[in-house]
Amino acid sequence: IKKILNFWVRISYQILRSFAIGRFILELLIYQIRNNTFRISHQSLFKFYTPNDLNLFRAKTFSTKEPETLEWIDKFVEQSVFWDIGANIGLYSIYAAKIRKCQVFSFEPSVFNLELLAKNIHVNNLVDSITIVPLPLTNQLGINQLNMSNTEWGGALSTFGERYGHDGKEFNKQFVFATIGISVDEAIEKLHIPIPEHIKIDVDGIEHLILSGGKKVLSHVKSVLIEINDDFEEHSKYAREILLSSGLRLKEKNGLGNFSVNLSNSTFNQIWIRE
């Protein structure tokens, strides 16, 4: 059925492109798709762009997909510095900026997600509170490839400089481009970004490499929320060693349930705190 529909959509598209009125209709449809929004209420009102089903899903499950992340942010002291590493379309960046008045730095290298991240920040009137950093974080400064498993708006499961994904296994690359990666410590030293009090890391596989490039900064942070796959031994073991050596302790560990498509039952959000 999908193949048949795809065929007729392509034919219809070509026919419409042949006429001025057809091109006008297509432009109206594209504009409507790109600028469709969804409103949600969770301690405040938010608006998010939903150009596809994935982003509509993200908006509709805002309160239920990762409630522990929202509760973690709720405990921030107002005006804290928050780094959202793997910000995607900005759900948690926007929540922290609006609810806790945080100074947020949203790290997101996907060229497909950056458009929605910027639009979501703008439509929620948070341009003065959130800074987009369109660079991947890793363990050292250098040029490498961002390997992406899909090109959807709001898509995830991509990795910088490595061939493996969240489970340590090689994934099927759909889109690749070269960019500059930087470590957490170098972002402080070279970009003069303020030291974070709280860090969220969700990059589907190289969280441990990001931690290894931020040992100086980690010694100062108050808390870290990080997504870890327990079945990926190198990933989980190395991350734990670095966080413990930074003086943090594991406070809680939450499963991601059925909401996180393509992630195993061994993937958890871990919250580490300094006492």
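Below: a short report on this structure.

**Some remarks on the packing of helix α4 (residues 67–74) against helix α5 (residues 91–99)**
The N-to-C vectors of α4 and α5 enclose an angle of 30 degrees; their axes lie 10 Å apart at closest approach. The angle between α4 and α5 places the two elements in the roughly parallel class. Crossing geometry of α4 relative to α5 is assigned as right-handed. Contacts from T69, L70, I73 and D74 of α4 reach α5 at Y92, Y95, A96 and I99.

**Re the sheet that holds strand β11 (residues 223–229)**
Within the open sheet, the seven strands sit side by side as β5-β4-β3-β10-β11-β13-β12. Their pairing is mixed. With one partner strand each, in any of the chains shown, β5 (130–133) and β12 (249–255) form the two edges of the open sheet. Strand-to-strand twist of the sheet, defined as the mean angle between neighbouring strand axes without regard to direction, takes the value 20 degrees. As paired strands, strand β10 (residues 198–201) and β11 are joined by four bridges and run parallel to one another. Within the sheet, the bridge partner assigned to H198 lies in β11 and is S223. Along the sheet face, α5 touches β3 (81–85), β4 (103–107), β5 and β10 and points at about 170 degrees away from the line of β3. Against the sheet, helix α10 (residues 233–245) engages β11, β12 and β13 (267–273), with an angle of about 165 degrees to β11.

**Thoughts on α5**
Helical geometry: 3.6 residues make up each α-helical turn, so side chains three or four residues apart lie on a common side. Of all nine residues that make up α5, eight are buried, and the element is covered over most of its length. Burial in α5 covers these residues: L91, Y92, S93, I94, Y95, A96, A97 and I99. One or two residues past the end of α5 sits K101, with phi positive at roughly 55 degrees.

**Considering a nonpolar patch on the surface**
Where nonpolar side chains cluster on the molecular surface, the patch consists of I4, F7, W8, I11, I15, F19, I21, F24, I25, L28, L29 and I33 and spans about 1200 Å² of accessible area. Tallying contributions element by element places helix α2 (residues 20–34) first for the nonpolar patch, with six residues. In this fold, F19 is placed in the loop between α1 (2–17) and α2.

**Quick look at empty space enclosed by the protein**
Enumeration according to the criterion identifies two cavities of 30 Å³ or more in this entry. Considering only enclosed or pocket space, the largest cavity measures out at about 40 Å³ in volume. Around the largest cavity, the lining residues are H166, D204, G205, E207, E227, I228, N229, H235 and T267. Its residues assigned to classes, the lining of the largest cavity shows one nonpolar, five polar and three charged. In terms of lining, the second largest cavity is formed by V184, I199, I201, I210, L211, G214 and L218. If you list the elements that add at least two residues to the lining of the second largest cavity, you get β10 and α8 (207–212). Tallied by class, the residues present in the lining of the second largest cavity amount to six nonpolar, one polar and no charged.

**Some details on the pattern of salt bridges**
According to the stated counting rule, one finds 10 salt bridges in the structure shown. Residue E66 pairs with K65 through a salt bridge whose shortest N-O separation is 3.3 Å. For the pair formed by E66 and K65, the shared burial category is buried. Among the charged side chains, a network of salt bridges with common partners joins R34, E115 and K119.

What counts as what
- Residues numbered from 1 in each chain as written.
- Predicted model: local features only at pLDDT ≥ 70, side-chain atom pairs only at ≥ 80, totals over all residues.
- Heavy atoms only, no water.
- Axes fitted to C-alpha atoms, helices over the stretch in contact; angles between N-to-C directions.
- Helix = DSSP H or I, 4+ residues; strand = E, 2+ residues; numbered from the N terminus.
- Parallel < 35°, antiparallel > 145°, perpendicular 65-115°, else oblique.
- Left-handed = near helix turned anticlockwise from the far one by under 90°.
- Contact = heavy atoms within 4.5 Å.
- Pairing = 2+ DSSP bridges.
- Buried < 20%, exposed > 50% of the residue type's maximum accessible area, 1.4 Å probe, protein only.
- Patch = residues over 30% accessible without salt bridge, like charges linked within 9 Å, V, L, I, M, F, W, Y side chains within 5 Å.
- Areas by Shrake-Rupley, 256 points an atom, 1.4 Å probe, with all protein chains shown as cover.
- Salt bridge = Lys/Arg side-chain N within 4 Å of Asp/Glu carboxyl O.
- 1 Å grid on protein atoms, 1.4 Å probe; cavity = no way out; pocket = protein on both sides within 12 Å on 5 of 7 lines; lining within 4 Å.
- Points joined across faces, edges and corners; volume = space filled by probe spheres on them.
- Nonpolar A, V, L, I, M, F, W, Y, C, P; charged D, E, K, R; others polar.

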